[in-house]
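# Notes for the structure review
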Amino acid sequence: MPDPVARDAAEAESLLSHPAVAPDASVAYGDHPDQVIDFYAPRGEQASAPLVVVLHGGAWRAAYDRQHVTPFADFLARRGFAVANVEYRRGSEIPQQRGSEPVAGRWPETFDDVAAAMDALPGLARRALPQADALRTVVTGHSAGGQLALWAAARHVLPVGSPWRLAAPPPLRGVVALAPIADFAQAVELDVCGGAVVQLLGGEAEFASRSAHADPAALLPTGIATAVVQGRVDIVVPYSVSESYVDAAAKAGETVGLTLLEEVGHFPLIDPAADACAVVAEEIDQLAW
C-alpha cells in the first residue's frame, strides 16, 4: 500500500507542476486587490456556454491564491465551459498566537467577497465574456473553496438578519463541491488543515454563533442540485467530512450526490493531468447542460 503522505506529496507536486494560465479577461468586483474575477472563454465555436464559477481552496489562507487553479479553469474552458475564477480576501500572514500557522480566513471579509462576487457575476460576465450564459451557472470549489461554493448556494437559508442572506434561492443550476470542508464539527474533530475552521470563524469563542452563518452542514436543505466529489484516500480533507455533510442533507430531506473515487487523494480533483479531473468535468456537465 502506498505511503499516504508520499502519495499526497506526489499529487500536490503534479498539480503544481502546471504553469499558470492567463485569463482572457480580468474584472474587479470591488476596490480591494483581491476582489477580482478572471474569465476564461470557452474554447470552441459555440455562441453560448454554461458559466462555471470556480472558488479555489487553500484553507482560506493568504498564501494560497487563485493561481494554482488556473490550469483547472483552462481545462474547463477547453471542455466548452465559460469560466469565472474568483479571488477573495483570505487570512493574514501573521502567525496566530501560540501557533505557527498563518491565520485562516477573515471574518467577515471572506464571506463579504464571495457574496459580492456572486451577486456581481451575471453583469460582469455579460460584459467581459459574452459567450457566458449566466442562466446556466454551476458553482464549483475545492477544499475550502468547496465550503464557499456550498455556502454560496445556501445564502437564502442563512439565519434571518444575516448580511449575506438572499430573499430567494440564487439562480444556479447546481453545485459541484470537490473534497469540501463541508461539515465544520467533523472537520474540527479531525483537525482539518491545522485548525483552519476555528480560525476562519475568529476563534473558539465565536465558533458556535458564527457556524450558523457559515457551516454548510447547518445550511440545509437548499433545494439546489448538489454533488460532492471526493477522493477516498484524501488525507487533507478526509472523506468522512463529505459523508457527514451528505448525511446531514439526508436528515434535512435533501439528496446530495456523493462520488467517492478510489485511490484518489486531495489534489487530483483539480489536476488536468489526472483522470479524477475528467470525472469532475462530467459532474459539472450533468448539471450545466
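Here the structure is shown first, and the text comes after it.
The model shown is predicted, which means the values in this text are computed figures rather than measured ones.

## Some words on helix H4 (residues 144–152)
- Of all nine residues making up H4, nine are buried, and the element is well covered by its neighbours.
- Burial in H4 covers these residues: Ala-144, Gly-145, Gly-146, Gln-147, Leu-148, Ala-149, Leu-150, Trp-151 and Ala-152.

## Here we look at the environment of Ser-48
- Positionally, Ser-48 belongs in the loop between strand E2 (36–40) and strand E3 (49–55).
- When its relative accessible area of 33% is taken as the criterion, Ser-48 is described as partly exposed.
- Ser-48 sits 86 residues away from Ala-134 along the chain, and the two C-alpha atoms are 9.8 Å apart.
- When sequence neighbours within four positions are dropped, the list of residues in contact with Ser-48 reads Gln-131, Asp-133 and Arg-136.

## Description of unusual backbone geometry
- Cis rather than trans, the peptide bond between Trp-107 and Pro-108 has omega equal to 5°.
- Take Pro-108: it is sitting in the loop between strand E4 (82–86) and helix H3 (109–128).
- The residue after Leu-220, namely Pro-221, is reached through a cis peptide bond having omega -5°.
- Positive phi, normally seen in glycine, also occurs at Ala-59, with a value near 60°.
- Mapped onto the fold, Ala-59 is located in the loop between E3 and helix H2 (70–78).
- Residue class for Ala-59 comes out buried when judged on its relative accessible area of 6%.

## So, the pattern of salt bridges
- Applying the stated criterion across every chain yields a total of 14 salt bridges.
- For Asp-24, the salt bridge goes to Arg-43, with nearest N and O atoms at 3.0 Å. Here Asp-24, found in the loop between helix H1 (4–16) and strand E1 (25–28), pairs with Arg-43, found in the loop between E2 and E3; they are 19 residues apart in sequence, far enough to count as distant.
- The closest approach of N and O atoms between Asp-34 and Arg-90, which form a salt bridge, is 3.8 Å. Taken together, the residues span a long stretch of sequence, with Asp-34 in the loop between E1 and E2 and Arg-90 in the loop between E4 and H3 at a distance of 56 residues. The residues Asp-34 and Arg-90 share a single accessibility class, namely buried.
- Through salt bridges that share partners, Asp-34, Asp-38, Arg-66, Glu-87 and Arg-90 make up one connected network.

## Observations concerning the packing of aromatic side chains
- Taken as a whole and assessed by the stated rule, the structure comprises five aromatic pairs.
- Aromatic side chains Trp-107 and Trp-164 sit 5.5 Å apart centroid to centroid with 85° between the ring planes, which places their arrangement in the edge-to-face category. Placement of the pair is Trp-107 in the loop between E4 and H3 and Trp-164 in the loop between H4 and strand E6 (174–178), with a sequence separation of 57 residues.
- Taken together, a centroid distance of 5.5 Å and an interplanar angle of 40° make the contact between Phe-111 and Trp-164 tilted. With Phe-111 in helix H3 and Trp-164 in the loop between H4 and E6, this pair connects stretches of sequence that are 53 residues apart.
- By relative accessible area, which is 5% here, Trp-164 ends up buried.

About the criteria used
- Residues numbered from 1 in each chain as written.
- Predicted model: local features only at pLDDT ≥ 70, side-chain atom pairs only at ≥ 80, totals over all residues.
- Heavy atoms only, no water.
- Buried < 20%, exposed > 50% of the residue type's maximum accessible area, 1.4 Å probe, protein only.
- Helix = DSSP H or I, 4+ residues; strand = E, 2+ residues; numbered from the N terminus.
- Contact = heavy atoms within 4.5 Å.
- Salt bridge = Lys/Arg side-chain N within 4 Å of Asp/Glu carboxyl O.
- Phe/Tyr/Trp six-rings, centres within 6.5 Å; stacked < 30°, edge-to-face > 60°.

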